[in-house]
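# Coordinate inspection notes
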Amino acid sequence: MKIFSAPQVREADAYTIQHEPVSSLDLMERAASRCSAWIEEHFSPKHPVYIICGKGNNGGDGLAIVRQLLLHGYDATAYTIQGATSPDHTANLLRLRESYPDKVHPLNDLQEFPSLPPDALIVDALFGTGLNKPIEGWMGGVIHHMNNLRQKHTIIAIDMPSGLRADSTSLHTPVVQAHHTLSFETWKLAFLMPENAAFVGQVHILPIGLHPDYLTHTPARFHLTDLETIRTIYQPRDPFGHKGTYGHALLIAGSYGKMGAALLSARSCLRAGVGLLTCHVPACGYEIMQLGEPAAMCITDSEIQHSTHFHLDIADASYTTVGIGPGLGTHQQTALALEKLLENFRSPMVLDADALNIISVYPYLLYRIPQGSIITPHPKEFERLFGKTANDFERLELLSSKSQELGIYILLKGRYSAMACPDGAVYFNPTGNPGMATGGSGDVLTGILTALLAQRYTPKAAIILGVWLHGFAGDLAAASLSQEGMTAGDITTHLGAAFLQGI
Ligand SMILES: NC(=O)C1=CN([C@@H]2O[C@H](COP(=O)(O)OP(=O)(O)OC[C@H]3O[C@@H](n4cnc5c(N)ncnc54)[C@H](OP(=O)(O)O)[C@@H]3O)[C@@H](O)[C@H]2O)[C@@H](O)CC1
Ligand SMILES: Nc1ncnc2c1ncn2[C@@H]1O[C@H](COP(=O)(O)OP(=O)(O)O)[C@@H](O)[C@H]1O
Ligand SMILES: [K+]
């Protein structure tokens, strides 16, 4: 699913008005009716609804929602900011005043903000995608006041929480902290940024019938992975396939005290369909691996506690791909071995965890990573590799520019993991839950991505599909075990069900 910028949303709006054709007032009526239907579905008429309306079309939506709710037996009231209003706003104001003159009140300063009865809902229709500067003065006070009321009253934002910019940071400016955001047609980039979590609450995308030609043909740089994309990527297994068909992966992982990471990664690699798996571990890990996962082959390092050189077969390129990093440790000898690996193995590989921590100490190694490889930093690892940024939008730009500069796929892990591709596109992943915020979840992901590369998915396909499956398996694990009760290994045990149900 494409994520459009605020100017693109305006273009989609104009294109729809011109080509459907539909009047802009009717499109507003349609958008508002999706919102009032959502409110009616989730809240009974015993909740009085207070809708705070700005001067533009977001406020126009708010006025139409008030009228629609009143028609359906709800007690709804509009509070409107005074000033020059947009034409569709003006038309809706007249319509509302005509039928329900006592349901519109002016809001010229904070003193005029209504005192709310218990159970009242606040609908925020102050500003949407037309916000053109940070909110200042008494309107900032209104937002502050609404946020103070959020403990007692549910706040529902129309299209955007007011004050939030769709495409750039809103840090240090007043923004409504909504419980629910009802947004039209497409996700906005701002909703996916961790720094905005407190503002957007739960996001509900409401289709309003924007013209499909515009949505299909307009290029977008940012995407949110959806089931349709996943179904296009997924390749069913060949009925005549044999284990050679699905690749031979080498997983380099583990050190003394962290063999669990290697085991978690190996198990998920096997459950994600690899043909053959060999694990390289330090000598202390031999029995752990052999007993822990009989389907994996195991080769050991000459050192007992950490790895110092990786198996010679690497130079013969007999492995389809390599996954390296989980629990590896950052010993200097391991760092040297990583440098040699990067010299000898030139196909796309997966680098995670300690492999990335080593690279952040020896940054020149970044430039030796084979083209098309996948690196999977969590935010702290990302910062160690590429430095600090002032906000999440700057971090996103840094992520994308490094991916393009280095010719590698960079996965920044989190609630909506961001996958930056060397062609400049960035994909966000919607699956997953906070139950996955537990040690070892990332190791499981490394195994999955390594397995998909081994099966000869392109790196772009592997990363989009792998991250989706990882999150979906995590969601299934949470559904059966609870977010608290699940562990990283439960993500792996639910991978089979994720293939069956998530694609
Ligand atoms: N997408 C779709 O397809 C559809 C979209 N629709 C709806 O339209 C919304 C976009 O409407 P919009 O363009 O009129 O902008 P909106 O958000 O109401 O704000 C503009 C007003 O706010 C003002 N203003 C701005 N910043 C300010 C500030 N910091 N401080 C103070 N004032 C500020 C600005 O005043 P100005 O600065 O221009 O004088 C102007 O008056 C969209 O979010 C959705 O709800 C649906 O109705 C139909 C289908
Ligand atoms: N709140 C969340 N919502 C969705 N996914 C999450 C959440 N928290 C963590 N995850 C996922 O869990 C994984 C954690 O990875 P990582 O931090 O590397 O864990 P570890 O180092 O313990 O293996 C990532 O894939 C991340 O996207
Ligand atoms: K709003």
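This structure is a prediction, so every number in the text was calculated from the model and none was measured.

Criteria and cut-off values
- Residues numbered from 1 in each chain as written.
- Chains lettered and ligands numbered in written order.
- Predicted model: local features only at pLDDT ≥ 70, side-chain atom pairs only at ≥ 80, totals over all residues.
- Pairing = 2+ DSSP bridges.
- Helix = DSSP H or I, 4+ residues; strand = E, 2+ residues; numbered from the N terminus.
- Right-handed = clockwise from strand over helix to strand, strands pointing away.
- UniProt positions renumbered as here; feature names shortened; annotations may be inferred.
- Near = placed C-beta within 6 Å.
- Nonpolar A, V, L, I, M, F, W, Y, C, P; charged D, E, K, R; others polar.
- Buried ≥ 20, exposed ≤ 12 C-beta atoms within 10 Å, placed from the backbone.
- Contact = placed C-beta atoms within 7 Å.

### Considering the pairing of strand β4 (residues 104-107)
In this structure, strand β3 (residues 76-81) lies alongside β4, joined through four bridges in parallel fashion. Within β4, the residue paired with Ala-78 across the bridge is Val-104. Note on the crossover from β3 through helix α4 (residues 87-99) to β4: the handedness is right-handed.

### Some points on the UniProt feature "domain: YjeF N-terminal" (unreviewed entry) in the protein
As annotated in UniProt, the feature "domain: YjeF N-terminal" (unreviewed entry) corresponds to residues 9-216 in the numbering used here. In residues 9-216, helix accounts for 38% and strand for 16%; the two terminal C-alpha atoms are 13 Å from one another.

### Some points on the site of ligand 2
What surrounds ligand 2 is a group of 18 residues, the closest being Gly-432, Met-436, Ala-437, Ser-441 and Gly-442. At the level of elements, α15 (441-454) and α16 (459-481) are the ones that each hand at least two residues to the shell around ligand 2. Top element by residues in the shell around ligand 2 is α15. It accounts for four residues. Partitioning the shell around ligand 2 into residue classes produces four nonpolar, eleven polar and three charged.

### Topic: the environment of Tyr-246
Within the fold, Tyr-246 resides in the loop between α8 (227-233) and β10 (248-252). With 21 C-beta atoms packed within 10 Å, Tyr-246 lands in the buried category. Residues Tyr-246 and Glu-383, 137 residues apart in the sequence, show an inter-C-alpha distance of 35 Å. Discounting chain neighbours no more than four positions away, the residues touching Tyr-246 are Gly-241, Gly-273, Val-274, Gly-275, Ala-454 and Gln-455.

### Things to note about unusual backbone geometry
Cis geometry marks the peptide bond from Glu-20 to Pro-21, where omega comes out at -20 degrees. Its place among the elements puts Pro-21 in the loop between α1 (6-19) and α2 (24-42). Phi angles above zero are rare outside glycine, and Asp-159 is one such case at about 70 degrees. By secondary structure assignment, the location of Asp-159 is in the loop between β6 (155-158) and β7 (180-184). Taking the number of C-beta atoms within 10 Å as the measure of exposure, Asp-159 has 27 and is therefore buried. Unlike most non-glycine residues, Ala-353 shows phi in positive territory, near 45 degrees. Assignment of secondary structure puts Ala-353 in helix α12 (residues 353-361). A count of 25 C-beta atoms within 10 Å places Ala-353 in the buried class.

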